Amino acid sequence: DGLEVIQTKVVGRAVVSTREFELGSMVIAEPPTMFFKTQEGFLEMFDAFLRLTRKDQGTIMSLQESSLSGRSVFLIQGEYQSFKHNNRVAANYFTVAMAKKLLAIVNENSQRFE
């Protein structure tokens, strides 16, 4: 196949080439696991995550995460309180700690599509 997943100290898991590819070759194509509209804020991100299967949720939560700024932590805590108030059953499973980790993972791994 020409690709291998390795574990690194700096970025966690990474895909590396085990052979040379011809210029312009399609090396890997993978559909995104989660879509959400960023302009609708963290609540849309929470909802998109909760619509996933438990397996896909686990896949996302195992990705490399970045650190969050103090402002991001403050904002997500406020959005989470609104989420918790409106989704009491889901909030029993989806904790504020998970919400913070999800944001850190999304910040590190997401791509924007216009």
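To be clear, the structure that these remarks concern was listed above.
Rules of the game
Residues numbered from 1 in each chain as written. Predicted model: local features only at pLDDT ≥ 70, side-chain atom pairs only at ≥ 80, totals over all residues. Heavy atoms only, no water. Helix = DSSP H or I, 4+ residues; strand = E, 2+ residues; numbered from the N terminus. Rg over C-alpha atoms; globule rule 2.2 N^0.38 Å. Buried < 20%, exposed > 50% of the residue type's maximum accessible area, 1.4 Å probe, protein only. Contact = heavy atoms within 4.5 Å. Areas by Shrake-Rupley, 256 points an atom, 1.4 Å probe, with all protein chains shown as cover. Lys, Arg positive; Asp, Glu negative; His and termini not counted. Charge placed at Lys NZ, Arg CZ, Asp CG, Glu CD. Salt bridge = Lys/Arg side-chain N within 4 Å of Asp/Glu carboxyl O. Axes fitted to C-alpha atoms, helices over the stretch in contact; angles between N-to-C directions. Parallel < 35°, antiparallel > 145°, perpendicular 65-115°, else oblique. Left-handed = near helix turned anticlockwise from the far one by under 90°. Nonpolar A, V, L, I, M, F, W, Y, C, P; charged D, E, K, R; others polar. Phe/Tyr/Trp six-rings, centres within 6.5 Å; stacked < 30°, edge-to-face > 60°. Lys NZ or Arg CZ within 6 Å of the ring centre and 35° of its normal.

Trainee: So what's going on with the overall build of the protein? Which residues, and what values?
Mentor: Within the protein one finds 5 helices and 2 strands. Ordered by position from N to C terminus, the α and β elements of the protein give β-β-α-α-α-α-α. Here the C-alpha atoms of the protein give a radius of gyration of 17 Å, more than 25% beyond the 13 Å that 2.2 N^0.38 yields for 114 residues. Along the first, second and third principal axes, the C-alpha set of the protein runs to 55 × 25 × 25 Å. Counting over 114 residues, the protein shows a buried share of 23%. For the protein, the share of sequence-separated contacts (at least 6 apart) that also reach a separation of at least 24 residues comes to 54%. Looking at the protein as shown, the accessible area adds up to about 8500 Å², and 52% of this sits on carbon and sulfur atoms. When the 13 positive and 13 negative side-chain charges of the protein are each reduced to one mean point, those points stand 11 Å apart.

Trainee: Any chance you could break down the pattern of salt bridges for me, citing the residues and the numbers?
Mentor: For the coordinates displayed, the defined rule picks out 2 salt bridges. For Glu44, the salt bridge goes to Arg51, with nearest N and O atoms at 3.4 Å. Owing to a relative accessible area of 55%, Arg51 belongs among the exposed residues under this scheme. A salt bridge links Glu65 to Lys101; its shortest N-O distance comes to 3.4 Å. Of this pair, Glu65 sits in the loop between α2 (54–61) and α3 (70–86) while Lys101 sits in helix α5 (residues 96–109); the two residues are 36 residues apart in sequence, bridging distant segments of the chain.

Trainee: If you had to explain the packing of α3 against α5 to someone new, which residues and values would you point to?
Mentor: Each pair of packed helices gets described by two things: the angle between the helix axes and the distance between those axes. Where α3 meets α5, the closest approach of the two axes is 10 Å, and the angle between their N-to-C directions is 130 degrees. Considered as vectors, α3 and α5 are oriented oblique to each other. Handedness of the α3/α5 crossing: right-handed. Judged by residue contacts, Ser72, Val73, Ile76, Gln77 and Tyr80 of α3 engage Val96, Ala99, Lys100 and Leu103 from α5. Broken down by class, the residue content of the contact of α3 with α5 amounts to 6 nonpolar, 2 polar and 1 charged.

Trainee: How would you summarise the packing of aromatic side chains if you had to cite specific residues and measurements?
Mentor: Per the stated rule, a full pass over the model turns up 7 aromatic pairs. Relative to Tyr80, the ring of Phe46 lies with its centre 6.3 Å away and its plane at 70 degrees, an arrangement referred to as edge-to-face. Of this pair, Phe46 sits in helix α1 (residues 42–50) while Tyr80 sits in helix α3, and the two are 34 residues apart along the sequence. Across the pair, exposure class does not vary: Phe46 and Tyr80 are buried alike. By relative accessible area, Tyr80 is classed as buried at 4%. One aromatic cluster is present, built from ring pairs that chain together Phe46, Phe49, Tyr80, Phe83 and Phe94. The ring of Tyr93 carries the charged tip of Arg54 above its face, separated from the ring centre by 3.9 Å.

Trainee: Please provide a residue-by-residue account of the packing of α1 against α5, values included.
Mentor: Two numbers describe how α1 lies on α5: the axes approach to 11 Å, and their chain directions differ by 95 degrees. The pairing of α1 with α5 is recorded here as roughly perpendicular in orientation. Contact residues: Phe42, Met45, Phe46 and Phe49 in α1; Met98, Ala99, Leu102, Leu103 and Val106 in α5. For the contact of α1 with α5, the residue count by class is 9 nonpolar, no polar and no charged.

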